[in-house]
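Chain by chain, the residues:
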Amino acid sequence: MELGSTVTLTYKGTLDDGTVFGFADAEKPMKFQTGMDMAIDGFERAILEMNEVGEKRTFTVSEYDAYGEYLEDFTAEVPIEQIPARVEVGKRIWMSNSEDGTPTPATVLEVNNGVVKFDLNHPLAGKALTFEVEILEIEDAPENFVSAQEKAQHMQEQSKLLGGDQGESYR
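A few points on the structure.

## Remarks on the overall build of the protein
Here comes step 1: When its secondary structure is counted, the protein shows two helices and nine strands.
Here comes step 2: The linear arrangement of helices and strands in the protein, starting from the amino end, is β-β-β-α-β-β-β-β-β-β-α.
Here comes step 3: With the C-alpha coordinates of the protein rotated into their principal frame, the extents come out at 60 × 55 × 25 Å.
Here comes step 4: Intrachain contacts of the protein at a sequence separation of at least 6 include 65% that bridge at least 24 residues.
Here comes step 5: Entry remark: accessible area of the protein is about 11,400 Å², with carbon and sulfur atoms responsible for 47%.
Here comes step 6: Each charge sign in the protein was given a centre, from 14 positive and 33 negative side chains, and these centres are 5 Å apart.

Structure follows, in structure tokens:
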């Protein structure tokens, strides 16, 4: 399969202990365009190695090619009065990043003395992910396909040309 192809597939994702963390079946398949950062890196690389409709494959993606390693200190503590939602241990909520307002999912680790401690790691961080995949459809890449990586590189180059990376020396 070539970069930029749109692929429709079914999958079942499991952890080492057999726990199912996700799936897409024939009634609601997964569809994405390769090269657009729409899937985790290891998953997309394995899909790009598949070439035929009906092809089935089982593969495992390491934590580093999935959601990264689990970072013990990737936590935040927030006074409970600053949290508009009801919190309970184990609940996932969206927090707003104070720097740019970007929403970030977080899991409540503990509530103690009016302070809520959140785990900011992805729930699948630190885990190898095994996928059972079947390709249902492959659509060829459009002739003018530009991958997300190529677009980001182009934008960075344009920014330099427009003075975005030149700071005070540009003025």
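## Thoughts on the sheet that holds strand S8 (residues 115-119)
Here comes step 1: Ordered by their spatial adjacency, four strands build an open sheet running S5-S8-S7-S6, and the pairing between neighbours is antiparallel. Two strands in the sheet have a free side with no partner beyond their single neighbour: strand S5 (75-79) and strand S6 (92-96). With strand direction ignored, the average angle separating the axes of adjacent strands in the sheet is 45°.
Here comes step 2: Relative to S8, strand S7 (residues 103-112) is paired through five bridges, and the arrangement is antiparallel. For glutamate 110, the partnering residue across the bridge sits in S8 and is lysine 117.

## A few points about the nonpolar core
Here comes step 1: Core analysis: the largest hydrophobic core is formed by 21 residues, its most contacted members being Leu9, Phe43, Ile47, Phe59, Phe131, Val133 and Ile135.
Here comes step 2: Elements represented by at least two residues in this core include exactly strand S1 (6-14), helix H1 (41-48), strand S4 (56-61) and strand S9 (129-139).
Here comes step 3: Ranked by residues supplied to this core, first place goes to S9 with four residues.
Here comes step 4: Once you skip the residues sitting within four places of it in the chain, phenylalanine 59 turns out to touch Phe43, Ala46, Ile47, Leu129, Thr130, Phe131 and Val133.
Here comes step 5: Judged by nonpolar contacts, the second largest core, of eleven residues, contains Ala76, Ile93, Ala106 and Val116.

## Looking at a nonpolar patch on the surface
Here comes step 1: On the surface, a nonpolar cluster with roughly 240 Å² of combined accessible area is contributed by Ile80, Val89 and Val111.
Here comes step 2: Relative to the helices and strands, valine 89 resides in the loop between S5 and S6.

## Things to note about the side chain of threonine 34
Here comes step 1: Along the chain, the position of threonine 34 falls in the loop between strand S3 (30-33) and H1.
Here comes step 2: The class for threonine 34 is buried, based on a relative accessible area of 0%.
Here comes step 3: Among the polar contacts listed, one links the side chain of threonine 34 to the backbone oxygen of glutamate 2, at a separation of 3.5 Å.
Here comes step 4: A polar atom in the side chain of threonine 34 sits 2.8 Å from the backbone nitrogen of glycine 4.
Here comes step 5: The residues touching threonine 34, leaving out its near neighbours within four places in the chain, are Met1, Glu2, Leu3, Gly4, Ser5, Val7, Glu44, Leu48 and Phe145.

## Side note on the packing of aromatic side chains
Here comes step 1: Under the definition given, this model contains seven aromatic pairs.
Here comes step 2: Centre to centre, the rings of phenylalanine 43 and phenylalanine 59 are 5.9 Å apart; their planes meet at 50°, and the pair counts as tilted. Taken together, the residues span a long stretch of sequence, with phenylalanine 43 in helix H1 and phenylalanine 59 in strand S4 at a distance of 16 residues.
Here comes step 3: Three or more aromatic residues link up through ring pairs in this structure, and these residues are Tyr11, Phe21, Phe32, Phe43, Phe59 and Phe131.

Here is what the cut-offs are and how they apply
Residues numbered from 1 in each chain as written. Predicted model: local features only at pLDDT ≥ 70, side-chain atom pairs only at ≥ 80, totals over all residues. Heavy atoms only, no water. Helix = DSSP H or I, 4+ residues; strand = E, 2+ residues; numbered from the N terminus. Contact = heavy atoms within 4.5 Å. Areas by Shrake-Rupley, 256 points an atom, 1.4 Å probe, with all protein chains shown as cover. Lys, Arg positive; Asp, Glu negative; His and termini not counted. Charge placed at Lys NZ, Arg CZ, Asp CG, Glu CD. Pairing = 2+ DSSP bridges. Axes fitted to C-alpha atoms, helices over the stretch in contact; angles between N-to-C directions. Core = buried A, V, L, I, M, F, W, Y, C linked by side-chain atoms within 4.5 Å. Buried < 20%, exposed > 50% of the residue type's maximum accessible area, 1.4 Å probe, protein only. Patch = residues over 30% accessible without salt bridge, like charges linked within 9 Å, V, L, I, M, F, W, Y side chains within 5 Å. Salt bridge = Lys/Arg side-chain N within 4 Å of Asp/Glu carboxyl O. Polar contact = N/O pair within 3.5 Å; in protein donor to acceptor, adjacent residues only side chain to side chain. Phe/Tyr/Trp six-rings, centres within 6.5 Å; stacked < 30°, edge-to-face > 60°.

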